[in-house]
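The lines below spell out each chain.
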Amino acid sequence: MNVSVTIDGASGTGKSVLGVALAEKMQGTFYSTGAIYRRLALLALERGCDVADSVSQVLMNNEEDALLLKEERVGHKASELAAIAEVREQALMIQRKEITHFLERSHVVMDGRDAGSVIWPQATHKFFLTADVLVCAQRRAEELGLRVEDVLAKMKLRDKRDREREVAPLVVPDGAIVLDTTLHSKNEVLDQVYSFIYLP
Ligand code: DC
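Residues numbered from 1 in each chain as written. Predicted model: local features only at pLDDT ≥ 70, side-chain atom pairs only at ≥ 80, totals over all residues. Heavy atoms only, no water.

(A) Structural context of the overall build of the chain. Helix and strand counts for the chain stand at ten helices and five strands. Its C-alpha atoms give the chain a radius of gyration of 16 Å, near enough to 16 Å, the size a compact globule of 200 residues would have. Each principal axis of the C-alpha distribution contributes one length, and for the chain these read about 45 × 40 × 30 Å. Taking the contacts inside the chain whose residues are at least 6 apart along the sequence as the reference set, 78% of them involve residues at least 24 apart. Accessible surface, the chain: about 10,400 Å² in total, of which carbon and sulfur atoms supply 54%. The centroid of the 25 positive side-chain charges in the chain is displaced by 1 Å from the centroid of its 30 negative side-chain charges. (Helix = DSSP H or I, 4+ residues; strand = E, 2+ residues; numbered from the N terminus. Rg over C-alpha atoms; globule rule 2.2 N^0.38 Å. Contact = heavy atoms within 4.5 Å. Areas by Shrake-Rupley, 256 points an atom, 1.4 Å probe, with all protein chains shown as cover. Lys, Arg positive; Asp, Glu negative; His and termini not counted. Charge placed at Lys NZ, Arg CZ, Asp CG, Glu CD.)

(B) Quick peek at the layout of surface pockets. Size it by volume and the largest pocket reaches roughly 1,100 Å³. Ser16, Arg38, Asp111, Arg140 and Glu143 are the residues nearest the centre of the largest pocket, which is lined by 45 residues in total. (1 Å grid on protein atoms, 1.4 Å probe; cavity = no way out; pocket = protein on both sides within 12 Å on 5 of 7 lines; lining within 4 Å. Points joined across faces, edges and corners; volume = space filled by probe spheres on them.)

(C) Local environment of the site of the ligand. Close to the ligand lie 14 residues; Arg38, Arg88, Asp114, Arg158 and Asp162 are nearest. Contact between the ligand and Arg88: an oxygen atom at 2.8 Å from a side-chain N or O atom of the residue. Between an oxygen atom of the ligand and a side-chain N or O atom of Asp162, the distance comes to 2.7 Å. Taken by itself the ligand offers 440 Å² of open surface, and the protein chains cover 96% of this. (Near = heavy atom within 4 Å. Polar contact = N/O pair within 3.5 Å; in protein donor to acceptor, adjacent residues only side chain to side chain.)

(D) Expanded view of the side chain of His107. Relative to the helices and strands, His107 is located in the loop between helix 6 (85–105) and strand 3 (108–112). Judged by its relative accessible area of 13%, His107 is buried. A polar atom in the side chain of His107 sits 2.9 Å from the backbone nitrogen of Val3. Excluding residues that lie within four positions of it along the chain, His107 makes contacts with Met1, Asn2, Val3, Met26, Gly28, Thr29 and Leu199. (Buried < 20%, exposed > 50% of the residue type's maximum accessible area, 1.4 Å probe, protein only.)

(E) Seen up close, helix 10 (residues 186–196). Those residues of helix 10 that sit buried are Val189, Leu190 and Val193. Relative to the axis of helix 10, the buried residues are bounded by an arc of 100° and lie together on one face. Helix 10 presents Asn187 and Ser195 as exposed residues on the side facing more than 90 degrees away from its buried surface. Residues of helix 10 that are buried in the fold lie against helix 1 (15–25), strand 4 (125–130) and strand 5 (177–180). (Arc of directions from axis to C-beta.)

Printed below as a string of structure tokens:
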């Protein structure tokens, strides 16, 4: 049976970098549960689409620029849209369907805010990453080529919203292993996480 792994945590804690590397090491598929919110955010920002109509458009439109999707303004808007219950309801159905599809074919590593708590609570392994907020901002600033000061305030705001929203807030999922990545390199975190994974 294929293994499912969830990695949750605030922005900049290293979830996606770890998720991509872990999926590769396990010869599995990486699935970003935030991608749907980012694609929705980009549609809303660039085309002024009504959120109510656009969840289904997101599925049809695969032409977004990967670099644009990574921008902090998109992440910020994604966090705003992700706080809307109706949006989450539709996103959840799509995420579960896609994860089921991938899991039939390979191991799946997914990252997000509610991957282990709401989307896939039955995951074989659950992890929750934390890190000092300044280090998170430094990592994000480096990735996006921005100044730390500019990233820090926005990141704090986004994390506060993700933690305090009513629907599926960022929480440590039941049974998750919590890892503080502040003082560890990408490879150290990968090795540590991999040591917990049991591959049948
Ligand atoms: O992981 P990310 O930076 O791509 O996520 C962008 C935003 O999407 C994040 O600030 C909140 C939202 N999100 C969410 O609410 N639930 C998820 N499982 C993943 C992302």
